[in-house]
Each structure stands twice: as C-alpha cells, then as structure tokens.
Amino acid sequence: TVSGALGAKLAGVPVLWHIREIVTMPRPVRVCLYWALKACATQIVCVSKAVRDALLREAPALEPKTVVLYNAVSLDRSGSDDSGERPIREELDIHKDQLIVGMVGRITHWKGQDILADAAATVLKDYPDVHFVAVGNHFAGEIHYVNALKARIEELGMASRFHLLDYRTNVAKV
C-alpha cells in the first residue's frame, strides 16, 4: 500500500513493491501511485512484461527500478492435494483424446479472454472436438465484462466448447 511504502521509506526500510495488475484507475490516482513508486520503491517487481510495459508507458523514469518476475506455478502431481477440486477433464466430462486449450488469469478485458473466444470460433470450424477453458475471477464491479464474454460465447454458438470457470486453488488440475 502507499501508506506502508511511505512508512517504510520514513523508517529507512527498503521497499519492494509487487505490481500484479495493469493499473487503470482514474488518472489522478495513477499519478499519485507513480509518485509513491518513484519516491518510495527500492525495487518494483512486475508480474508480467505487459504489466511492466503499461507502467513504463506512463512512468518511464521507473525503468531502472523495475524487473519482471513471473509467478511460479507448482505442478506437483504427488497427490498431496487438499483443494477438493476435480481435474478439469473429469469436471467438464472431456474425453482424454480431446484437446483442451486454456488460460488461467483474472477475467478482464486486458487479459484477452474475448480474443481467445474469437480464436476458438475459428479453430472450432476445422477442429470441432477441441474444448476451450478460461479460469479466473473478475474484479469487483466488473461482472459486465464476464456477462459480455458469456454473451459472445453464446453468440458464436460454442457454449458447449468454451468453458468459463471460477478461480481455482489448484492450477495443476486445470
């Protein structure tokens, strides 16, 4: 948080700021955030190149402090899973011989689930047995994007082939 970063800076403690989203809030809030990053952050860690590029488009002076560090995903298949989630193939009744194309991430316009849906429509013309899966939650107040995405999937006639699933605690089962 900005207040935590300011407190750390005043106390002489290094500030490692982790940015996980492309910041789209109103400009005055973004300007304040970028000022706090410049004034307080010792190092800025961005979850992806897209997040870093968006940050540096508006605040290029932050470039020397900024690195990309992708979130790790454990693919431990040792069976030590207590999530209670079934594997996607079982949950959606997808045969083991059918290909699944998917993406995991926040359901929001800049992640591109709508682009995946349009691409899926093209792929399904030649490969009708493929399934598409998009896994994740939306931001509070952005259910309109999910609803528009669902409507687009219906409009493209692929409701049985394009699956929108909520957040999962065990990505390996996806």
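The structure we're discussing is the one just above.
Focus: the overall build of the chain
Working step 1: Within the chain one finds six helices and six strands.
Working step 2: When the helices and strands of the chain are placed in sequence order, the string is α-β-α-β-α-β-α-β-α-β-α-β.
Working step 3: Taken over C-alpha atoms, the radius of gyration comes to 20 Å for the chain, far larger than the 16 Å a tight globule of 174 residues would show.
Working step 4: Here the C-alpha coordinates of the chain stretch approximately 60 × 40 × 25 Å along the principal axes.
Working step 5: By the burial criterion, 34% of the 174 residues in the chain qualify as buried.
Working step 6: Within the structure as shown, the chain displays about 10800 Å² of accessible surface, and the carbon and sulfur contribution to it stands at 57%.
Working step 7: Between the centroid of the 21 positive side chains of the chain and the centroid of its 20 negative side chains there is a distance of 9 Å.

Considerations on the sheet that holds strand β6 (residues 162–165)
Working step 1: Sheet architecture is open: three strands sit in the order β4-β5-β6, paired in parallel fashion. Whereas interior strands pair on both sides, the edge strands pair on one side only; in this sheet they are β4 (100–104) and β6. Between one strand axis and the next, the sheet turns through 15 degrees on average, direction left out of account.
Working step 2: Taken together, the four bridges between strand β5 (residues 131–135) and β6 define a ladder with parallel strand orientation. Across the sheet, residue Val 135 finds its bridge partner in β6, namely Leu 165.

Notes on unusual backbone geometry
Working step 1: The residue Asp 93 is not glycine, and still its phi comes out positive at about 55 degrees.
Working step 2: Among the structural elements, Asp 93 can be located in the loop between α4 (88–92) and β4.

Remarks on a nonpolar patch on the surface
Working step 1: Residues Val 104, Val 171 and Val 174 make up a contiguous nonpolar surface patch of roughly 200 Å² in combined accessible area.
Working step 2: You can see Val 104 is positioned in strand β4.
Working step 3: Val 104 sits in the partly exposed class, given a relative accessible area of 48%.

About the thresholds
Position numbers for residues count from 1 along each chain, tracking the sequence in the order it is written. For this predicted model, a pLDDT threshold of at least 70 governs which residues receive local features, and a threshold of 80 or more governs which side-chain atom pairs are given and counted, while totals over whole chains, interfaces and linings are taken from all residues. In computing side-chain properties, one takes all heavy atoms of the structure into account and sets aside hydrogens as well as water. Segments assigned H or I by DSSP are reported as helices when at least four residues long, segments assigned E as strands when at least two residues long, and all are numbered from the N terminus. As a reference, a globule follows 2.2 Å times the number of residues to the power 0.38, and the radius of gyration itself is taken over C-alpha atoms. Each residue is placed in one exposure class: buried if its accessible area under a 1.4 Å probe, protein chains only, is under 20% of its type's maximum, exposed if it is over 50%, and partly exposed if it falls in between. Computed with a 1.4 Å probe, the accessible areas rest on the Shrake-Rupley method; for each residue, only the protein chains presented here act as cover. Neither His nor the chain ends contribute to the count of charged residues, in which Lys and Arg are positive and Asp and Glu negative. Note that the charge is assigned to NZ on lysines, CZ on arginines, CG on aspartates and CD on glutamates. Here, strands pair whenever DSSP counts at least two bridges between them. Only C-alpha atoms enter the line fits that serve as axes; for helices the fit covers just the stretch in contact. Angles between N-to-C directions range over 0 to 180 degrees. Patch building starts from residues that exceed 30% relative accessible area and form no salt bridge, then joins like charges within 9 Å and nonpolar side chains (Val, Leu, Ile, Met, Phe, Trp, Tyr) within 5 Å. The rule for a salt bridge is simple: a side-chain nitrogen of Lys or Arg has to be within 4 Å of a carboxyl oxygen of Asp or Glu.

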